[in-house]
Amino acid sequence: MTGRSGITVIMPAFNAAPWIGSAIESVLLQSETSWELLIVDDGSSDSTRDIADRYAAMDGRVRRTSNSRTKGAAGSRNTGLAEARSEYVFFLDSDDVLLPDSPELLRGLVRGSGFDAARGEMSFYCHQRWLAGEPAENSGRSEIRASGYPASGFTLHLYRKDFLAASGIVFPEGLGIGEDRVFLWQVYSRLSQIPVVHAPVYLYRLNHGPRHPSVAKSRDFLSGLARIRAHCAEKGRADMAAPLLDIAFIPEWLGRLHTVYMENRREAQAFLDGCGA
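Here is what the cut-offs are and how they apply
Residues numbered from 1 in each chain as written. Predicted model: local features only at pLDDT ≥ 70, side-chain atom pairs only at ≥ 80, totals over all residues. Heavy atoms only, no water. Core = buried A, V, L, I, M, F, W, Y, C linked by side-chain atoms within 4.5 Å. Buried < 20%, exposed > 50% of the residue type's maximum accessible area, 1.4 Å probe, protein only. Helix = DSSP H or I, 4+ residues; strand = E, 2+ residues; numbered from the N terminus. Contact = heavy atoms within 4.5 Å. 1 Å grid on protein atoms, 1.4 Å probe; cavity = no way out; pocket = protein on both sides within 12 Å on 5 of 7 lines; lining within 4 Å. Points joined across faces, edges and corners; volume = space filled by probe spheres on them. Nonpolar A, V, L, I, M, F, W, Y, C, P; charged D, E, K, R; others polar. Arc of directions from axis to C-beta.

A.B. asks: Can you help me understand the nonpolar core in this one?
C.D. replies: Most often, soluble globular proteins keep nonpolar side chains buried together rather than apart. In terms of nonpolar packing, the biggest core is built from 32 residues, with Met11, Ile20, Leu37, Ile39, Leu106 and Tyr202 touching the most fellow members. Only strand S1 (7–13), helix H1 (20–28), strand S2 (35–41), helix H2 (48–58), strand S4 (88–91), helix H4 (102–113), strand S6 (117–126) and strand S10 (193–205) provide two or more residues apiece to this core. Among the elements that line this core, the one with the most residues is S10, at five residues. Those residues in contact with Ile39 that sit more than four places away from it in its chain are Met11, Ala13, Ile20, Ile24, Ala52, Val62, Arg63, Arg64 and Thr65.

A.B. asks: For this particular structure, what's the right way to read unusual backbone geometry?
C.D. replies: Peptide bonds are, in most cases, trans, and in most cases residues other than glycine have a negative phi. Even without being glycine, Asn15 reaches a positive phi, approximately 45°. Of note in the backbone geometry, Asp101 takes a positive phi value of approximately 65° without being a glycine. Residue Asp101 is classed as partly exposed on the basis of its relative accessible area of 36%.

A.B. asks: Where do I start with empty space enclosed by the protein in this structure?
C.D. replies: Taking a probe equal in size to a water molecule and rolling it over the atoms shows the remaining empty space. Per the stated rule, a full pass over the model turns up one cavity of 30 Å³ or more. In this structure, the largest cavity encloses a volume near 40 Å³. If you go around the largest cavity, the residues you meet are Ile7, Val9, Val27, Gln30, Glu32, Trp35, Leu98 and Pro103. Of the residues contributing to the lining of the largest cavity, the split by class is six nonpolar, one polar and one charged.

A.B. asks: It is not clear to me how H2 should be interpreted in this structure. Could you clarify?
C.D. replies: Along an α-helix, a turn takes 3.6 residues, which lines up residues three or four apart on a common side. By the burial criterion, the buried members of H2 are Thr48, Ile51, Ala52 and Tyr55. Projection of H2 onto a plane perpendicular to its axis shows the buried side chains occupying an angular sector of 95°, all on one side. Pointing more than 90 degrees away from the buried face of H2 are the exposed residues Arg54 and Ala57. In this structure, the buried residues of H2 make contact with S1, H1, S2 and strand S3 (62–66).

What follows is the structure, encoded as structure tokens:
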């Protein structure tokens, strides 16, 4: 248990055995000690649960819980939010890495500014090569920035848990893709400003195939975008669709995450034009 000033790192996991060990190790190596790592298993059929349990047996700050049914990454993150015991929460995917001192750095920004969230930068790593955001290129400078709307990066933020709960902010379940963008829109729509540090806090690894089965094919990707638009309309916020489907976001994903998106970029562009994005 971390106490109210601690940080809960929420890690959804599904068949993550090849990578989850290094993700857990990156949390264990943090200099900050008042944290808990909450691993939410989503019905894995490999050794993910066994690996998580081994770490939990070695360190009492690590614990695993399991969804009663398969919920996907969004539902798993919501489970983590409901069970988090700390004042602050941070999201870490089971195939990525938390960079040293990141939660402590972001918590200092939140405390020092009085805001409910803080943001850092991301590094990309693929086959032992930096693709973007190499640490040496980051200044470490911090600033207070008008919140606007970020293109992506919900995992680059530390959030005050009570702020999320009081605002009713959770991940929409069942979209299949884009839940993080809806989540971030909810956060930023309630913030006029946010502290930002120009230093990498999160290592996004691109060493393997599609991260989620739902985005393995371009038609699933486009279907996911359609579900985002439908979700906005259902909530009476059709105006959300344009920023959530920001055209700047699509080429980034198409170019970096899966080559099949590049092959269908024109189709994606046509879809976005229809959304008014």
